[in-house]
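For reference, the chains in residue letters:
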Amino acid sequence: MTARIYKPAKTAMQSGHGNTHEWVLDYEPEEPRVVESLMGWTSSGDMKSQLRLRFATKEEAVAYAERHGIPYQVQEGKTATRRGLSYADNFSATRRGAWTH
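In short, a report on the structure.

The rules behind each value
Residues numbered from 1 in each chain as written. Predicted model: local features only at pLDDT ≥ 70, side-chain atom pairs only at ≥ 80, totals over all residues. Heavy atoms only, no water. Pairing = 2+ DSSP bridges. Helix = DSSP H or I, 4+ residues; strand = E, 2+ residues; numbered from the N terminus. Axes fitted to C-alpha atoms, helices over the stretch in contact; angles between N-to-C directions. Phe/Tyr/Trp six-rings, centres within 6.5 Å; stacked < 30°, edge-to-face > 60°. Lys NZ or Arg CZ within 6 Å of the ring centre and 35° of its normal.

With respect to the sheet that holds strand E5 (residues 52–55)
Link 1 in the chain: Spatial strand order, E5-E2-E1-E6: four strands in an open sheet with mixed pairing. One side of each edge strand has no neighbouring strand; the edge strands of this open sheet are E5 and strand E6 (72–75). Taking the axes of each pair of neighbouring strands and ignoring which way they run, one obtains an average angle of 20° across the sheet.
Link 2 in the chain: Here four bridges tie strand E2 (residues 23–27) to E5, and the two strands are oriented antiparallel to one another.

With respect to the packing of aromatic side chains
Link 1 in the chain: Using the criterion set out here, one finds one aromatic pair in the structure.
Link 2 in the chain: For the pair Phe-55 and Tyr-64, a centre-to-centre distance of 5.5 Å together with 45° between the ring planes defines the contact as tilted.
Link 3 in the chain: It is Lys-48 that lies over the ring of Tyr-27; its NZ or CZ is 5.2 Å from the centre.

Given below as structure tokens:
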């Protein structure tokens, strides 16, 4: 079973960057999920799919996987490019777009 080591992205419901600073190790599913016919719930017999380990650095996660003999793949995340804007830029004389109000 292959493990995935990655740094999670922020969710669409987050405006901040909480819970995105740690590295996560979780396992790829071994078997597909099955829909139960009576209740309609999805289930799986794969117990390792419930396991999610968090590490402070990528090196710690890789060392853990190598120490326990777990095959792994590291997925590097893209860093968000943010441009700094201030409220005063809305009223600047050198504003690129026209003021719409």
